[in-house]
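# Structural overview for review
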Amino acid sequence: MASLSLQFSGLRCSPLSSSIFSKPSLFTQQSHKRLSIPILNSIAISNAQNKERVKLKQLFHEAYERCRTAPMEGVSFTIEDFTAALDKYDFDSEVGTKVKGTVFYTDANGAVVDITAKSSAYLPLQEASIRRVKHVEEAGIVAGLREEFLIIGENEADDSLILSLRSIQFDLAWERCRQLQAEDVIVKGKIVGANKGGVVAEVEGLRGFVPLSQISTNTNVEELLEKELPLKFVEVDEEQSRLVLSNRKAIAGNQAQLGIGSVVTGSVQSLKPYGAFIDIGGINGLLHVSQISHDRVTDISTVLQPGDILKVMILSHDRERGRVSLSTKKLEPTPGDMIRNPKLVFEKAEEMAQTFRQRIAQAEAMARADMLRFQPESGLTLSSDGILGPFTSDLPEEGLDLSEVPPAEE
């Protein structure tokens with residue numbers, strides 16, 4: 001026991017140092033650093049943002065005060081300069097002036113047009129086209145269209161200008177009609193009205209009058225409504241707004257191209273007891289009942305019907321009265337074919353017409369030769385081809401033998 005006590009008494013523990021409590025350990029210092037760095041960074045960023053906000057607020061305040069007290073300070077382009085620039089590039093906005101403009105809006109009543117003026121410009125619906133339209137788009141007026149317009153007025157309520165395309169189109173239409181009259185051109189006119197004196201036809205967007213005496217057809221004028229007629233200009237007077245047309249002159253112009261003996265295709269328009277009226281390209285010709293076939297035709301409806309397409313030969317035409325006489329009888333290979341086999345008649349039409357023309361030419365040549373027979377003092381003779389020339393001994397003194405010449409048909 002004594003030895004154990006001696007052993008324990010020999011053990012001494014060093015006293016605890018106060019430095020352990022007075023100084024932080026390495027572990028504690030590192031943990032404290034890790035916590036304090038983000039906090040310091042956050043505080044620094046917050047301070048910088050606050051300074052930036054204060055700076056922006058100060059700049060905004062200074063700009064506000066400058067705009068409030070001296071808005072034009074430092075600006076070289078003044079209001080006076082802006083007004084002068086407008087005056088420099090402004091255009092003549094008087095009534096009757098033509099201006100270029102761009103459509104940027106349309107509605108049911110018209111279109112708003114940008115003509116680079118101080119005020120807006122408006123195109124009313126009734127001024128959008130020479131023809132009647134229900135909406136400006138029917139006349140091709142759409143947003144983005146750039147066109148030349150005519151100033152026709154000013155709206156006093158808002159100082160906006162009133163534009164027109166219709167007036168420009170009218171001027172162009174009258175100019176076109178004068179040109180067509182000078183060239184004596186045949187045009188197509190749609191009949192849009194009728195009265196006791198004649199019919200109203202629309203040509204080049206203008207309305208002209210066709211007197212009853214200048215209509216070649218005997219059809220009732222009311223039946224011509226909405227139909228097209230070939231027309232020629234008789235009078236074009238823009239100052240008096242007078243446009244007179246003639247259907248007879250147009251028909252006569254077409255008839256001049258129709259030679260006697262030529263074959264044309266036509267359609268049956270109507271039947272009468274004395275014959276059938278045939279439309280041969282805008283011209284009404286009469287196929288008399290006696291010229292339908294060599295065989296007697298008592299009822300035309302048994303041979304022809306309205307709407308039938310057939311070939312006919314031109315017998316004659318009266319240019320003054322606008323009448324054309326036709327025949328299918330002359331085209332029959334065999335008498336009566338028009339009744340029994342009209343298809344064959346149409347197939348052989350050109351061939352039979354050629355034969356008919358040759359016979360006519362021979363008859364005319366023989367008539368001239370017969371005239372020379374009784375007028376030997378003329379010093380002319382007739383060749384076998386029907387050509388007149390100087391007198392030669394080839395012509396017998398007693399004249400030509402006409403016994404071989406076939407008789408001319410009616």
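Further up the page is the structure itself.
So, a few notes on the structure that sits alongside this text. As the structure is a computational prediction, the values presented were derived from the model and not from experiment.

## A look at the pattern of salt bridges
- Enumeration according to the criterion identifies 10 salt bridges in this entry.
- Across the salt bridge formed by R178 and E175, the nearest N and O atoms sit 2.8 Å from each other. In this pair, R178 and E175 are both assigned in helix α5 (residues 166–182), 3 residues apart and thus about one turn of the helix distant.
- Residue R178 is classed as partly exposed on the basis of its relative accessible area, which comes to 30%.
- The partner of R178 in a salt bridge is E238, and the shortest N-O contact between them spans 2.9 Å. With R178 in helix α5 and E238 in the loop between β9 (228–237) and β10 (242–246), this residue pair connects regions lying 60 residues apart in the sequence.

## A short note on the side chain of S164
- Counting through the fold element by element, S164 comes out in strand β5 (residues 160–164).
- Given the relative accessible area of 0%, S164 is considered buried.
- Side-chain polar atoms of S164 contact the backbone nitrogen of R166, separated by 3.3 Å.
- In this structure S164 touches L123, E127, F149, L150 and I152, once residues within four positions along its chain are discounted.

## Description of the environment of V113
- Within the secondary structure, V113 is located in strand β2 (residues 110–114).
- With 10 residues separating them along the chain, V113 and L123 place their C-alpha atoms 7.0 Å apart.
- Among all residues touching V113, those that are not within four sequence positions of it are G101, T102, V103, F104, A121, L123, F149 and L163.

## A look at α5
- A rise of 1.5 Å per residue sets the reference length of α5, with its 17 residues, at 24 Å; its end C-alpha atoms lie 24 Å apart and thus fit the reference within 8%.
- Listed as buried for α5 are I168, A173, W174, C177 and L180.
- Taken from the residues just after α5, D184 is the one with a positive phi, measuring 55°.

## Looking at the layout of surface pockets
- Taken as a whole, the second largest pocket spans an internal volume of roughly 390 Å³.
- If you trace the second largest pocket, you find 18 residues lining it, with I130, R131, E202, G205 and R207 closest to the centre.
- Counting only elements with at least two residues in the lining of the second largest pocket, the list comes to α5, β6 (187–195) and β8 (206–211).
- Among the elements that make up the lining of the second largest pocket, the one with the highest residue count is α5 (3 residues).
- Across the lining of the second largest pocket, the residue classes tally to 8 nonpolar, 4 polar and 6 charged.
- Split by domain, the lining of the second largest pocket shows at least three residues from each of two domains, domain 1 (98–169) and domain 2 (185–253).

## Some details on the sheet that holds strand β12 (residues 275–279)
- Within the closed barrel, the 5 strands sit side by side as β11-β12-β13-β15-β14. Their pairing is mixed. Neighbouring strand axes in the sheet, compared pairwise and without regard to direction, differ in orientation by 50° on average.
- Of the strand pairs in this sheet, strand β11 (residues 263–272) and β12 are connected by 5 bridges, and their pairing is antiparallel. From the neighbouring strand, S270 faces β12, where its bridge partner is F277.

## So, the pairing of β11
- Across 5 bridges, β11 lies against strand β14 (residues 309–318) in antiparallel orientation. By the bridge assignment, T265 is partnered in β14 with K311.

## Details of a negative patch on the surface
- Taken together, the side chains of E154, E156, D158 and D159 define an acidic patch exposed on the protein surface.
- The exposed category is assigned to E156, whose relative accessible area is 75%.

## Things to note about the nonpolar core
- In terms of nonpolar packing, the biggest core is built from 27 residues, with I278, I280, L304, L310 and L326 touching the most fellow members.
- Within the residue set of this core, elements represented by two or more residues are β11, β12, β14, β15 (323–327), α8 (342–347) and α9 (349–373).
- Filtering out sequence-adjacent residues up to four positions away, I278 remains in contact with G266, S267, V268, I283, N284, G285, L287, L310 and L326.
- I191, V203, V236 and L243 belong to the second-largest nonpolar core, a separate cluster that totals 21 residues.

## Regarding the packing of aromatic side chains
- Under the criterion given, the structure shown has 1 aromatic pair.
- Here Y274 and F277 contribute two aromatic rings whose centre-to-centre distance is 6.3 Å and whose plane-to-plane angle is 90°, an arrangement assigned as edge-to-face.

## Notes on the pairing of β12
- Count of turn residues in the β11/β12 antiparallel hairpin: 2 residues.
- The pairing of β12 with strand β13 (residues 284–288) spans 5 bridges and is classified as antiparallel. In the strand pairing of β13, D279 is matched with N284.

## A word on the environment of D337
- Of note, D337 is situated in helix α7 (residues 337–340).
- When the C-alpha atoms of D337 and D295 are compared, they prove to be 8.6 Å apart, with 42 residues separating the residues in sequence.

## Side note on unusual backbone geometry
- The backbone of E226 shows a phi angle near 70°, a positive value even though the residue is not glycine.
- Note on placement: E226 falls in the loop between β8 and β9.

## Re the sheet that holds β2
- Spatial ordering of the closed barrel is given by β1-β2-β3-β5-β4, a layout of 5 strands whose pairing is mixed. Here the strands of the sheet are splayed against their neighbours by 50° on average, with no regard to which way each runs.
- By the bridge criterion, 5 bridges tie strand β4 (residues 146–155) to β5 in an arrangement that is antiparallel. Looking at β5, one finds that N155 is bridged to S160.
- Contacts from α5 reach β1 (98–107), β4 and β5, with the element oriented near 120° to β4.

Calculation notes
Residues numbered from 1 in each chain as written. Predicted model: local features only at pLDDT ≥ 70, side-chain atom pairs only at ≥ 80, totals over all residues. Heavy atoms only, no water. Salt bridge = Lys/Arg side-chain N within 4 Å of Asp/Glu carboxyl O. Helix = DSSP H or I, 4+ residues; strand = E, 2+ residues; numbered from the N terminus. Buried < 20%, exposed > 50% of the residue type's maximum accessible area, 1.4 Å probe, protein only. Polar contact = N/O pair within 3.5 Å; in protein donor to acceptor, adjacent residues only side chain to side chain. Contact = heavy atoms within 4.5 Å. Expected span 1.5 Å × (residues − 1). 1 Å grid on protein atoms, 1.4 Å probe; cavity = no way out; pocket = protein on both sides within 12 Å on 5 of 7 lines; lining within 4 Å. Points joined across faces, edges and corners; volume = space filled by probe spheres on them. Nonpolar A, V, L, I, M, F, W, Y, C, P; charged D, E, K, R; others polar. Domains from an automatic or database assignment. Pairing = 2+ DSSP bridges. Axes fitted to C-alpha atoms, helices over the stretch in contact; angles between N-to-C directions. Patch = residues over 30% accessible without salt bridge, like charges linked within 9 Å, V, L, I, M, F, W, Y side chains within 5 Å. Areas by Shrake-Rupley, 256 points an atom, 1.4 Å probe, with all protein chains shown as cover. Lys, Arg positive; Asp, Glu negative; His and termini not counted. Charge placed at Lys NZ, Arg CZ, Asp CG, Glu CD. Core = buried A, V, L, I, M, F, W, Y, C linked by side-chain atoms within 4.5 Å. Phe/Tyr/Trp six-rings, centres within 6.5 Å; stacked < 30°, edge-to-face > 60°.

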